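# An overview of the molecular structure
Spelled out, the chains give:
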Amino acid sequence: MTMPRYTRTAMLLHWLMAVFILGLFGLGIYMADLPLSPQKLKLYSYHKWAGIAVLTLALLRVLWRIVHKPPPLPASQAHWQQLAAHAGHGLLYVLIFAAPLSGWLMSSALGFPVVWFGVLPLPDLIAKNKELGELLKLVHEYLNFAFLAVVIGHALAAVKHQWLDRDGTLNRMLPASHPEENR
Amino acid sequence: MKRLLLPALLLASFGAHAVEYNTVIAEKSQIAFTSRQMGVPVDGKFGKFAATLNFDPAKPEAAKALIDIDLASVDAGSKDANDEVVGKGWFNVKEFPKARFATTSVKALGNNRFEAKGQMTIKGKTREMSVPFTYKPEGAGNATTGVFEGTLPLQRTLFGIGEGAWADTSVVADEVPIKFRLVASPGIAAKK
């Protein structure tokens, strides 16, 4: 059976971002409560570098999507499910920008600029402001817990379609087992 | 009468020019620094310090300065950092509350640029340092102040600032440039 799939590039961007984002959730939760140490400073830097990588990938992904129409959802899916899927994906698109941007804003406000991979200084988005920084820290935290919840919902939906409905929804985001099926 | 007036005027005008800045105005002065953590520049400053100096622009070689920094007044950029940096591995302010810089010589480099040599003492360790600085008069008449600005190229590991795991200069860079701006007035009476 031939079914429309995402392009190889879209798949690569999706799964690369999935790995980065899951790693960032874990790292973020782990590092936040560590006592100050060289290790903590390193982890914060890695987190910031990876976060900016996600932001960059998000930008590439949106540009790619604008010129490459995604494959339709299986027609067997109920209308409300398709609507929910589109809403969920829309939310994810917002969050892949909002999550790293909130971290960048928070870093700027707290007076710790982002120097990507330790070599490329990124501009501060806002001036140093301690109170605003503390507020943005909370925004970054809650936004990402919301992000995590949406990601879990996204994954559960994929699992449901793959193993309960068996409607091939997930295959659209997986490389074909027969190479000729890849676009 | 005229014969007396001319030298008197000359003397008076000379006296007004031979100003010696000797009273540091604390509110207008500041000592700040930039630490580099994983390549990220983080600004900090010292809230309390006492500085005495004598600087006569006509005789810079005779200039002297003594600066005592209250290390507990550090703002290293965040609360975590402030709590950490006063501790034993860093400044150890309980045993060594102050950092002191005392000049030993001052050399004019021209163009209002100077170089001070002196001894920096932190955590009981004393090291020779040379500090380039500029001098600029501001204001006029009695309100004239001298503004002294420069950057002291401190290497933290020379003084054991950041020991143990913190000695790793790939995380916190060794160089911590200390930027200072000292504003001094001629004080109550310009000494002749």
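Description of the structure in this document.

Calculation notes
- Residues numbered from 1 in each chain as written.
- Chains lettered and ligands numbered in written order.
- Predicted model: local features only at pLDDT ≥ 70, side-chain atom pairs only at ≥ 80, totals over all residues.
- Helix = DSSP H or I, 4+ residues; strand = E, 2+ residues; numbered from the N terminus.
- Buried ≥ 20, exposed ≤ 12 C-beta atoms within 10 Å, placed from the backbone.
- Core = buried A, V, L, I, M, F, W, Y, C linked by C-beta atoms within 7 Å.
- Contact = placed C-beta atoms within 7 Å.
- Pairing = 2+ DSSP bridges.
- Expected span 1.5 Å × (residues − 1).
- Nonpolar A, V, L, I, M, F, W, Y, C, P; charged D, E, K, R; others polar.
- Axes fitted to C-alpha atoms, helices over the stretch in contact; angles between N-to-C directions.
- Left-handed = near helix turned anticlockwise from the far one by under 90°.
- Parallel < 35°, antiparallel > 145°, perpendicular 65-115°, else oblique.

Another point: the overall build of chain A. Looking only at helices and strands, one finds 4 helices and 2 strands in chain A. Going from the N terminus to the C terminus, chain A shows its helices and strands as α-α-α-β-β-α. Counting only C-alpha atoms and orienting by the principal axes, one finds that chain A spans roughly 55 × 30 × 30 Å. In chain A, which comprises 183 residues, the share counted as buried stands at 19%.

One broad rule of soluble globular proteins: the nonpolar side chains tend to lie buried together. Residue and element names in this part refer to chain B. Of all hydrophobic cores here, the largest spans 40 residues; its most connected members are A51, L53, I69, L182 and A184. Of the residues forming this core, the biggest block, 5 residues, is contributed by strand β11 (residues 175–185). Apart from the residues within four sequence positions on either side, I69 is in contact with I31, F46, F49, K98 and A99.

Further remarks concern the pairing of strand β2 (residues 30–37) of chain B. Residues and elements named next belong to chain B. Here β2 shows a buried face lined by I31, F33, S35 and Q37 and an unburied face lined by Q30, A32, T34 and R36. The pairing of β2 with β11 spans 4 bridges and is antiparallel. Looking across to β11, one finds that F33 is bridged to I178. Where β2 and strand β3 (residues 40–46) come together, 7 bridges link them in antiparallel fashion. Counterpart to A32 in the pairing with β3 is K45. Here β2 folds back onto β3 in antiparallel fashion, the turn holding 2 residues, of which M38 has a positive phi close to 55 degrees.

Residue and element names in this part refer to chain B. With 6 bridges connecting them, strand β9 (residues 125–138) and strand β10 (residues 145–155) associate as antiparallel partners. Pairing of F133 across the sheet is with G150, part of β10. Counting the residues that bridge the hairpin from β9 to β10 gives 6 residues, and of these G139 lies at a positive phi of roughly 80 degrees. Across 10 bridges, the pairing between β10 and β11 is antiparallel. What sits directly across from G146, in β11, is A184.

In a regular helix each residue adds 1.5 Å, so 25 residues correspond to 36 Å; helix α1 (residues 8–32) of chain A covers 36 Å between its end C-alpha atoms and thus fits that length. For α1(A), the set of buried residues is I21(A), L24(A) and G28(A).

All names here are of chain B. With respect to the helices, strands and loops of the structure, V172 is situated in the loop between β10 and β11. Along the chain, V172 and V93 lie 79 residues apart, while their C-alpha atoms are 20 Å from each other. The residues contacting V172, other than those within four sequence positions of it, are S35, Q37, G162 and W166.

Taken together, the contact pairs 16 residues of chain B with 13 residues of chain A. For the side of chain B that touches chain A, the secondary structure elements donating two or more residues are β3 and α2 (79–85) of chain B. Examining the composition of the side of chain B that touches chain A, we find that 4 residues originate from one element, β3(B), more than from any other. For the side of chain B that touches chain A, the residue count by class is 8 nonpolar, 4 polar and 4 charged.

Moving on: the packing of helix α2 (residues 38–67) of chain A against helix α3 (residues 79–110) of chain A. All names here are of chain A. Remark: α2 packs on α3, axes separated minimally by 9 Å, with the N-to-C direction vectors making an angle of 145 degrees. Like other packed secondary-structure pairs, α2 and α3 cross with a definite hand, here left-handed. Only Y93, I96, F97, P100, L101, G103 and S107 of α3 make contact with α2, whose side of the interface consists of K48, G51, I52, V54, L55, A58 and V62. Grouping the amino acids of the contact of α2 with α3 by side-chain chemistry returns 10 nonpolar, 3 polar and 1 charged.

This brings us to unusual backbone geometry. Residue and element names in this part refer to chain B. One non-glycine residue, N111, lies in the positive phi region at around 60 degrees. Residue placement: N111 occurs in the loop between β7 (98–110) and β8 (113–122). Assessed through the 7 C-beta atoms surrounding it within 10 Å, N111 is described here as exposed. Here the phi dihedral of N112 falls at roughly 65 degrees; this positive angle occurs in a residue that is not glycine.

So, about the environment of F97(A). Residues and elements named next belong to chain A. Among the secondary structure elements, F97 is positioned in helix α3. Along the primary structure F97 and G51 are separated by 46 residues, whereas in three dimensions their C-alpha atoms are 9.8 Å apart. Apart from the residues within four sequence positions on either side, F97 is in contact with L55 and A58.

The next point concerns the packing of α1(A) against α2(A). All names here are of chain A. Two elements in contact, α1 and α2, have axes separated by 9 Å at closest approach and are oriented at 155 degrees. One element, α1, and the other, α2, form an angle in the roughly antiparallel class. The handedness of the crossing between α1 and α2 comes out as left-handed. When grouped by side-chain class, the residues that make up the contact of α1 with α2 number 18 nonpolar, 5 polar and 2 charged.

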